[in-house]
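# Inside the fold
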Amino acid sequence: MAAEAGGGAGRRLPPHSPSGLVLQTVEMHTGGEPLRIIPRLEAAEAAAAAGGLSLLSLRREMAATQDHVRRALVHEPRGHTGMYGAVVVRGGAAAAGAHLAALFLHGAGYSAMCGHAVLALGRFALDYGLVAAPSRPETAVHLRCPCGPVTAFVPWDGRCSGNPVRFHSVPAFAAATDLAIDVPGRGKVVVDIGYGGTFYAFLSAEQLGLDVCSSKTRDLVNAASAVTEAVKKQFKLHHPESEDLAFLYGTILTDGKDAFSEEPTTNICVFADEQVDRSPTGSGVTARIALQYHKGLIQLNQTRTFRSSTTGSLFTGKAVQATKFGDYNAVVVEVSGEAFYTGTATFTVEEEDPLKYGFFFK
C-alpha cells in the first residue's frame, strides 16, 4: 500500500522525504520463490479507473509511468537479483469482475503470468479480506492476470487460509515441438516451446552437456540464457489473443523425464534477465504439462510431480480439461503447491538518496 507521508504512522517511520514513496508490502514465498506483494498502489488503480484500462494496458502504463516502484522494491538494496513482486489491483476494468487483478514484477520488467504468485495471492486474498464470504473447506479465488483469468482454490478453516493451494490455468498449448535451434558456441539442440500463460523453451540439460541436478547453477544459467537468446532470433512466437503476450519469457532445463511416472521430474527455470526461479515454476509446469499431453505422454487427470533443482521444493500438475485456444489444441492445467507468509515490511525513500530507486547487480 502506498501511504501518504506524515501523520502518526509517519512519525514511527525512519526519516524520509515528505514527497518520497512509502510502500507497505506483504512478504511471502512459494516453494522458496519470493513474492513481495503491494496490496494497493494508488497510482495504478487511479490510472486503471481514469482510463478504463484493461490489465494488459495497465501493464504498459505501469512500465511507462511507475517503473520506479518496481525498481525500488525488486532491485537492491531493498530487493535482490532473485526478487519477485506483485501489485494487487482491485475493481474497474483491470480486474474485470475478478476478486483481484495482479501485475507481476521481476528484475527486468513485467511478466504475463506467474504461477507461484497466483498460489500465494490465493491465500493473501482470503486472509486480507478480498473475498467477501470465504467458504469451507475450500474457497475459489478469481484472479485476473495479464494473460487472462485464472482461478485459485484455497483451503479455508473459517479463520485463515491454508495449504496446499491449487489453481486452474488459462488454456495452455504446445507452440512448437522438436524445433532445431543453433545455439552459438554450443551447437544444435532440439527444443519444445510451450505456453502456460507465458512462453518457455524446454530441453534436457543433457543436450548441453549438463546435469540439471548436479551441474553448477552458473553453468545451467549460462546455457539456458544462450538457448533463450537463440530461440528469440530463430523462431517467431504467436499468441491467439494478443501480440503483447507473444514473447519468450525464458528457458527451462529438465532431466529429460517427460514420460508419465510416479517419480518427480526435476527442472530449473531461467527467465527474464538470467533470473533463476527457486520454485518448480507454476507457469512452467503448466506449459510442460501441455507439451506432455500434446505428445501423448500423459492423459487427462494424470498427476505429475515437479521438483526444483535449486531448492528441492515440489509442485504437482495435471491436465484437467481439453479445450481450443485460437487454432491450438489446448488444455487447462491444475497446478498445486504450498505458499507461506514470511512477514510484512514498510519501505521508505529519501529523495536525496542517489540509489533511491535501486540498482541491478549480477
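Residues numbered from 1 in each chain as written. Predicted model: local features only at pLDDT ≥ 70, side-chain atom pairs only at ≥ 80, totals over all residues. Heavy atoms only, no water.

An unreviewed UniProt entry lists the protein under the name trans-L-3-hydroxyproline dehydratase, from Pelecanoides urinatrix. Turning to the protein, the UniProt record has this under Catalytic activity (unreviewed entry): "trans-3-hydroxy-L-proline = 1-pyrroline-2-carboxylate + H2O". Quoted verbatim from the Subunit (unreviewed entry) field of the UniProt record, the comment on the protein reads "Homodimer." (UniProt positions renumbered as here; feature names shortened; annotations may be inferred.)

## Topic: the domain arrangement of the protein
Under the domain assignment, the protein is made up of domain 1 (21-164 + 341-349) and domain 2 (170-336). Here the C-alpha centroids of domain 1 and domain 2 sit 24 Å apart. On the domain 2 side, the residues contacting the 26 residues of domain 1 number 25 residues. Counting the contacts that link domain 1 with domain 2 gives one salt bridge. Arg-60 serves as the salt-bridge partner of Asp-244, at 2.1 Å between the closest nitrogen and oxygen. Among the secondary structure elements, those contributing two or more residues to the side of domain 1 that touches domain 2 are α3 (55-65), α6 (115-127) and β7 (148-155). Grouping the amino acids of the side of domain 1 that touches domain 2 by side-chain chemistry returns 12 nonpolar, 11 polar and three charged. (Domains from an automatic or database assignment. Contact = heavy atoms within 4.5 Å. Salt bridge = Lys/Arg side-chain N within 4 Å of Asp/Glu carboxyl O. Helix = DSSP H or I, 4+ residues; strand = E, 2+ residues; numbered from the N terminus. Nonpolar A, V, L, I, M, F, W, Y, C, P; charged D, E, K, R; others polar.)

## What to know about the side chain of Arg-78
Looking at where Arg-78 falls in the secondary structure, it is placed in the loop between α4 (67-74) and β3 (85-89). For Arg-78, the side chain forms a polar contact with the main-chain oxygen of Ala-72, separated by 3.5 Å. Non-local contacts of Arg-78, meaning those with residues more than four positions away in its chain, are made with Arg-36, Ala-72, Leu-73, Phe-347, Thr-348, Val-349, Lys-356 and Gly-358. (Polar contact = N/O pair within 3.5 Å; in protein donor to acceptor, adjacent residues only side chain to side chain.)

## Focus on a nonpolar patch on the surface
A cluster of nonpolar residues, Leu-355, Phe-359 and Phe-361, forms a patch on the protein surface that exposes about 300 Å² of accessible area. Along the chain, Phe-359 turns up in the segment after β18 (339-348). (Patch = residues over 30% accessible without salt bridge, like charges linked within 9 Å, V, L, I, M, F, W, Y side chains within 5 Å. Areas by Shrake-Rupley, 256 points an atom, 1.4 Å probe, with all protein chains shown as cover.)

## What to know about the environment of Thr-251
Relative to the assigned elements, Thr-251 resides in strand β12 (residues 248-254). For Thr-251 and Pro-354, which are 103 residues apart along the polypeptide, the C-alpha to C-alpha distance reads 35 Å. In this view, Thr-251 contacts Ala-201, Leu-203, Ala-224, Val-227, Thr-228, Ile-268, Cys-269 and Val-270; residues no more than four positions away in its chain are not counted. A polar contact of 3.5 Å, which involves the side chain of Thr-251, links it to the backbone oxygen of Ala-224.

## Here's the deal with the packing of aromatic side chains
Here the structure, examined in full by the defined rule, presents 12 aromatic pairs. Their ring planes at 15° and their centres at 4.0 Å tell us that Phe-173 and Tyr-328 sit as a pair that is stacked. One end of the pair, Phe-173, is in strand β9 (residues 172-183); the other, Tyr-328, is in strand β17 (residues 328-337), with 155 residues separating them in the sequence. Residue Phe-173 is classed as buried on the basis of its relative accessible area of 0%. (Phe/Tyr/Trp six-rings, centres within 6.5 Å; stacked < 30°, edge-to-face > 60°. Buried < 20%, exposed > 50% of the residue type's maximum accessible area, 1.4 Å probe, protein only.)

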